[in-house]
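Each chain, letter by letter, is given below.
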Amino acid sequence: MAKHDAPGGSPRRTLITGASSGIGRATAELLAREGHALALIARRQQRLEELCSSLPANRPAHLALGADLAEPAELERAFKAAAKHLGGLDLVVLNAGIGYRARVEDLEPEPLRRLLSTNVEAVLLGAKEALPHLMAGRRPHLILVSSVVGRRGMPTMAAYSASKAAVCSIGESLRIEWRHLGIQVSVLNPGTTATEIFAVQHNPKGLKNPDLSAADAPEAVAAEILALDRHPQPERFLRWKWRYLAALGLVAPRLADRLFASRDWMPPPPER
Ligand SMILES: NC(=O)c1ccc[n+]([C@@H]2O[C@H](COP(=O)([O-])OP(=O)(O)OC[C@H]3O[C@@H](n4cnc5c(N)ncnc54)[C@H](OP(=O)(O)O)[C@@H]3O)[C@@H](O)[C@H]2O)c1
């Protein structure tokens, strides 16, 4: 059974990766308002410091940690510093991630390695580093930010989709592996969300990105993360249609393929 917060309402000690923008930043803002004490990790430390100083002050004070999570030594150092500063960890949100938009024939080894290091290896190693602290935590919970494309591969996103499918698998494994430790594990699958991810992703052929005018706001995803922390759930989608589309891919894959092939951001076929 999950442990509960100590009497007297001790603040939740929360580590968030990828908090310098988008979903991670919105989550930091929301959880700080909820009284969490935060350790925030991303490469752009100055952005994190500015964010920390703009948040409602909690105790222990929020901490900004600049680290490249694709580098295992930096990840280990940052997680240890976070746990030391907060005096333990109750909630860990592994959210940092990057995109990669390319047809498979345009994939290049170095950006591919970076994608998999950031989106997959850092999640596995982050979970490993978090484990001893969560074991001693109050109502301990690991939340993994995957994606709807982790449950349904998308054209021109084979590498990114594969990395997010791995995150869903990691969540499934850890849910069982950590059950006897009383650590909850939840996977969140956002759909298209209006963040920097599309502008900064590797996109060597300049392929068209989805229309962000109808995308979710990062604050909406942050609200789901808070809801998950209150009521852990194995896997959560923001919209039922994404859950159905993921299921459709399993029960009627050709029909699901046709649906995605008709989307307006699909690139023309390659020249022969
Ligand atoms: N936006 C969407 O449509 C969408 C949909 C489904 C799932 N997601 C997932 O949501 C998560 C957050 O993405 P977002 O949309 O909020 O994108 P974002 O605004 O680009 O934020 C990504 C965050 O990850 C950090 N990051 C990237 N590489 C890192 C590295 N090597 N080491 C440390 N931090 C790193 C970035 O900070 P620095 O650059 O400062 O390092 C940034 O804070 C990702 O896992 C993404 O796959 C996004």
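Scroll up to find the structure.
Predicted model, so just to flag it, every value in this text is computed and none were measured.

Draft legend 1. Seen up close, the sheet that holds strand E7 (residues 235-237). Strand order in the open sheet formed by seven strands is E3-E2-E1-E4-E5-E6-E7, with parallel pairing between adjacent strands. Of all the strands in the sheet, the pair left with one neighbour each is strand E3 (63-66) and E7. Across the sheet, the mean angle separating the axes of adjacent strands is 15° when strand polarity is ignored. Note: strand E4 (residues 91-94) against strand E5 (residues 141-145), four bridges, orientation parallel. When the sheet's bridge partners are listed, Val93 is paired in E5 with Ile143. On the sheet, helix H1 (residues 22-33) packs against strand E1 (13-17), strand E2 (37-42), E4 and E5 and is oriented at approximately 165° with respect to E1.

Draft legend 2. The site of the ligand, seen in detail. Taken together, 28 residues are adjacent to the ligand, and Gly18, Gly22, Arg43, Arg44 and Gly97 come closest. Looking at which element gives the most residues to the shell around the ligand, the answer is H1, with three residues. Classifying every residue of the shell around the ligand gives 12 nonpolar, 12 polar and four charged.

Draft legend 3. Here's a closer look at helix H4 (residues 109-135). Look at H4: 37 Å from first C-alpha to last across 27 residues, which is about the 39 Å you get at 1.5 Å a residue. Maximal helix bending in H4 amounts to about 40°, located at Ser117. Every buried residue belonging to H4 is among Leu115, Thr118, Asn119, Ala122, Val123, Gly126, Ala127, Glu129, Ala130, His133 and Leu134, and all of these are buried. Where H4 is buried, its residues meet E1, helix H3 (72-86), E4, E5 and helix H5 (158-177).

Draft legend 4. Representation of unusual backbone geometry within the structure. Here the residue pair Arg59 and Pro60 is connected by a cis peptide bond, since its omega of -5° sits within 30 degrees of zero. Along the chain, Pro60 falls in the loop between helix H2 (45-54) and E3. Positive phi outside glycine occurs at Arg139, with the angle close to 45°. Within the secondary structure, Arg139 sits in the loop between H4 and E5.

Draft legend 5. Here's a closer look at the environment of Glu29. Its place among the elements puts Glu29 in helix H1. In this structure, the C-alpha to C-alpha distance between Glu29 and Ser169, residues 140 residues apart in sequence, is 28 Å.

Draft legend 6. Structural detail: the environment of Leu15. Along the chain, the position of Leu15 falls in strand E1. Look at Leu15 and you get buried, because 29 C-beta atoms sit within 10 Å. Along the sequence, Leu15 and Ala28 sit 13 residues apart, while their C-alpha atoms lie 9.2 Å from each other. Excluding its chain neighbours within four sequence positions, the residues that come into contact with Leu15 are Ala39, Ala82, Leu89 and Val92.

Draft legend 7. Up close: the nonpolar core. Counting residues in hydrophobic clusters, the biggest one holds 53 residues, and the most contacted among them are Leu40 and Leu142. In this structure Leu142 touches Val92, Ala127, Ala130, Leu134, Leu174, Ile183 and Val185, once residues within four positions along its chain are discounted. Judged by nonpolar contacts, the second largest core, of nine residues, contains Ala102, Val148, Ala159 and Tyr160.

Draft legend 8. Main features of the pairing of E2. For E2, the buried fraction is high: six of the six residues fall into the buried class. Going residue by residue along E2, you find Ala37, Ala39 and Ile41 tucked away on one face and Leu38, Leu40 and Ala42 tucked away on the opposite face as well. In this structure, E1 lies alongside E2, joined through five bridges in parallel fashion. Among the inter-strand pairings, Leu15 is bridged to a residue of E2, identified as Ala39. In this fold, the crossover linking E1 to E2 by way of H1 has right-handed handedness. Pairing geometry for E2 and E3, over four bridges, is parallel. Along E3, the bridge assignment pairs Ala42 with Gly66. With respect to chirality, the unit in which E2 leads through H2 into the neighbouring parallel E3 is right-handed.

Calculation rules
- Residues numbered from 1 in each chain as written.
- Predicted model: local features only at pLDDT ≥ 70, side-chain atom pairs only at ≥ 80, totals over all residues.
- Pairing = 2+ DSSP bridges.
- Helix = DSSP H or I, 4+ residues; strand = E, 2+ residues; numbered from the N terminus.
- Axes fitted to C-alpha atoms, helices over the stretch in contact; angles between N-to-C directions.
- Contact = placed C-beta atoms within 7 Å.
- Near = placed C-beta within 6 Å.
- Nonpolar A, V, L, I, M, F, W, Y, C, P; charged D, E, K, R; others polar.
- Expected span 1.5 Å × (residues − 1).
- Bend = angle between axes of the 7 residues up to and from the residue.
- Buried ≥ 20, exposed ≤ 12 C-beta atoms within 10 Å, placed from the backbone.
- Core = buried A, V, L, I, M, F, W, Y, C linked by C-beta atoms within 7 Å.
- Right-handed = clockwise from strand over helix to strand, strands pointing away.

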